[in-house]
Amino acid sequence: MEYTKLGNTAITISKLCVGCMSFGQAGTMHDWTLDEGDTEKIVHHALDLGINFFDTANGYSAGTSESYLGKALKKNVARQDVVIASKVYFNPGRLSAPAIHRELDGTLRRLGTDYLDLYIIHRFDYDTPIEETMEALNDVVRAGKVRAIGASAMYGYQFYNMQMVARNHHWASFQAMENHYNLLYREDERELIPICQQMGVSLIPYSPLAAGHLTRPEWRGKTLRSRTDRVAMGKYDDMETQDMEIVRRVHELSLRYQRKMSQIALAWLWAKGVAAPIVGATKMGHFDDAAKALDIHLTPEDIAYLEAGYRPHRIVGAINHNPPEGVVLLDEKK
């Protein structure tokens, strides 16, 4: 395993992050999530591979993702040897100060820890003043409950404005950006990613394998997740015709390198300056494959070839309004 620093902090993270949306009671959010026992097996295996970075959220599977992760970590590793991230937004009050304090306490209780290494705002809140959110985040850092803060999918100007509020008040600023980024979705290259790079903010993208579309030469998969994940369908299906050209190129390069398609897709992200892609998996072998991808070094010609077929996409990730309260799954295909 290889490691890097999180943003401008002293926090050391593995260059792979375990996406914990795969953990939790099935049916509370998705039908394909792992139960408590299987969660522990995956966590144990990830730790054996040297992965120390785990990303969950208060809204994943009604809080059971945090609970399962916390129990698995407690059984297998010392708290100081792992980096735990969780998120806030899909909850009553969104990013208001009372909500942030309430939801963080709930997250810490479910995880069985007294601090988070990274606390991420899951989306931009259109109802709460930026100053209120940033001050509340600064307060939890000062209280020792959070070591660093981060943001997730939003527009570049929103992220920049929040960073400026933090800077002007001498508050804690974002050290990580968890955005939607992969070979099939590159819209954030226009503004958000350059802003993050300018500020030394680590990129820890979600959906690095485009919900499996970058792992196989055909569009449709045969797994339970592929058949039932309507959020993934909503994100990607309307661009199937255009994106299959990119899938074909990933497949071609995988044959040339004699590696798996997923490894080529991850190697491209590291080549683009990503710190730690968030890989969600339900099988231990998926993390074995991901770890081996660190050995792949794509040439500039490889990168240009993979990128050549890209066409602009509609925005998927950043939102232009708060969804109705209680909505957790965005972009779901109806």
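In what follows, the accompanying structure is described. This structure is a prediction, so every number in the text was calculated from the model and none was measured.

**Examining the pattern of salt bridges**
In total, this model carries 24 salt bridges according to the counting rule given. Between Lys75 and Glu40 there is a salt bridge, with its nearest N and O atoms 3.6 Å apart. One end of the pair, Lys75, is in helix α2 (residues 64-76); the other, Glu40, is in helix α1 (residues 36-48), and 35 residues separate them in sequence. By relative accessible area, which is 24% here, Glu40 ends up partly exposed. For the salt bridge of Glu252 with Arg248, the shortest nitrogen-to-oxygen distance reads 3.2 Å. Residue Glu252 and its partner Arg248 are both found in helix α9 (residues 240-257); the two are separated by four residues, about one turn of the helix. A residue is classified by how much of its surface remains accessible, and Arg248, at 39% relative accessible area, is partly exposed. Three or more residues joined by partner-sharing salt bridges are found here, namely Glu245, Arg248, Arg249, Glu252, Arg256 and Asp302.

**Concerning the packing of aromatic side chains**
How two aromatic rings sit relative to each other is set out by the distance from centre to centre and by the angle between their planes. Scanning the model with the defined rule gives five aromatic pairs in all. Ring centres of Tyr89 and Phe90 lie 4.8 Å apart, and the angle between their planes is 90°; on these two criteria the pair is classed as edge-to-face. You'll find Tyr89 and Phe90 in the same group, each marked buried. Centroid distance Phe124 to Tyr126: 5.0 Å. Interplanar angle 80°. Geometry classified as edge-to-face. For Phe124, a relative accessible area of 11% corresponds to the buried category. Overall, Tyr126 belongs to the partly exposed group, its relative accessible area being 32%. Stacked on the ring of Tyr310, the Lys or Arg Arg186 has its end atom at 4.8 Å from the ring centre.

**Side note on the nonpolar core**
In terms of nonpolar packing, the biggest core is built from 88 residues, with Phe54, Met134 and Phe159 touching the most fellow members. Residue contributions to this core peak at eight residues, all from helix α10 (residues 261-271). Once you skip the residues sitting within four places of it in the chain, Phe159 turns out to touch Ala151, Met154, Phe174, Met177, Leu192, Ile195, Cys196, Met199 and Val201.

**Thoughts on the pairing of strand β7 (residues 146-152)**
Look at any regular strand and the pattern is simple: side chains alternate between the two faces of the sheet. Burial analysis of β7 places six of its seven residues in the buried class, the great majority of the element. Sheet analysis places strand β6 (residues 116-121) next to β7, joined by five bridges and oriented parallel. Bridged to Leu116 within β7 is Val146. Regarding the hand of the β-α-β motif, the stretch spanning β6, helix α4 (residues 130-142) and β7 is right-handed. Judged from the four bridges that link them, β7 and strand β8 (residues 174-178) form a sheet pairing that is parallel. Each bridged residue has a counterpart across the sheet, and for Gly150 the counterpart in β8 is Ala176. Taken together, β7, helix α5 (residues 156-169) and β8 constitute a β-α-β crossover, and its handedness is right-handed.

**Structural notes on α4**
The terminal C-alpha atoms of α4 lie 18 Å apart, and with 13 residues this matches the ideal 18 Å at 1.5 Å per residue to within 8%. Three or more residues of α4 are buried, namely Ile130, Thr133, Met134, Ala136, Leu137, Asn138 and Val140. Structurally, α4 contributes buried residues whose contacts are with α3 (97-111), β6, β7, α5 and β8.

**Some points on the sheet that holds strand β3 (residues 17-19)**
Paired through their backbone hydrogen bonds, the strands of a sheet run either parallel or antiparallel. Taken together, the eight strands give an open sheet; going across it, the order is β9-β8-β7-β6-β5-β4-β3-β10, and neighbouring strands pair in parallel fashion. Two strands lie at the open edges of the sheet, namely β9 (202-203) and β10 (278-279), each paired on one side alone. By the bridge criterion, four bridges tie strand β5 (residues 83-88) to β6 in an arrangement that is parallel. In the sheet register, Ser86 faces β6, and the bridge partner there is Tyr119. Set on the sheet, α4 makes contact with β6, β7 and β8; between it and β7 the angle comes to about 150°.

**Quick word on the packing of α2 against α3**
Their axes nearest at 7 Å, the elements α2 and α3 cross at an angle of 40°. If you check the angle between α2 and α3, you find them oblique. Of the residues in α3, those touching α2 at Glu66, Ser67, Leu69 and Gly70 are Thr107, Arg110 and Leu111. For the contact of α2 with α3, the residue count by class is two nonpolar, three polar and two charged.

**Digging into the pairing of β5**
Counting buried residues in β5 gives six out of six residues, a clear majority hidden from the surface. The two faces of β5 match: Val83, Ala85 and Lys87 on one face and Ile84, Ser86 and Val88 on the other face are all buried. Direction of pairing for strand β4 (residues 53-55) relative to β5: parallel, over a ladder of three bridges. Bridged to Asp55 within β5 is Ala85. Handedness of the β-α-β unit built from β4, α2 and β5 comes out right-handed.

**Focus on the packing of α1 against helix α11 (residues 284-292)**
Contact geometry of α1 with α11 gives a least axis separation of 9 Å together with a crossing angle of 20°. Considering their axes alone, α1 and α11 lie roughly parallel with respect to each other. Note on packing geometry: the crossing formed by α1 with α11 is right-handed. Contacts between α1 and α11 involve Lys41, Ile42 and His45 from the former and Met284, Phe287 and Asp288 from the latter. Split by residue class, the contact of α1 with α11 holds three nonpolar, one polar and two charged.

Thresholds, definitions, all that
Residues numbered from 1 in each chain as written. Predicted model: local features only at pLDDT ≥ 70, side-chain atom pairs only at ≥ 80, totals over all residues. Heavy atoms only, no water. Salt bridge = Lys/Arg side-chain N within 4 Å of Asp/Glu carboxyl O. Helix = DSSP H or I, 4+ residues; strand = E, 2+ residues; numbered from the N terminus. Buried < 20%, exposed > 50% of the residue type's maximum accessible area, 1.4 Å probe, protein only. Phe/Tyr/Trp six-rings, centres within 6.5 Å; stacked < 30°, edge-to-face > 60°. Lys NZ or Arg CZ within 6 Å of the ring centre and 35° of its normal. Core = buried A, V, L, I, M, F, W, Y, C linked by side-chain atoms within 4.5 Å. Contact = heavy atoms within 4.5 Å. Pairing = 2+ DSSP bridges. Right-handed = clockwise from strand over helix to strand, strands pointing away. Expected span 1.5 Å × (residues − 1). Axes fitted to C-alpha atoms, helices over the stretch in contact; angles between N-to-C directions. Parallel < 35°, antiparallel > 145°, perpendicular 65-115°, else oblique. Nonpolar A, V, L, I, M, F, W, Y, C, P; charged D, E, K, R; others polar. Left-handed = near helix turned anticlockwise from the far one by under 90°.

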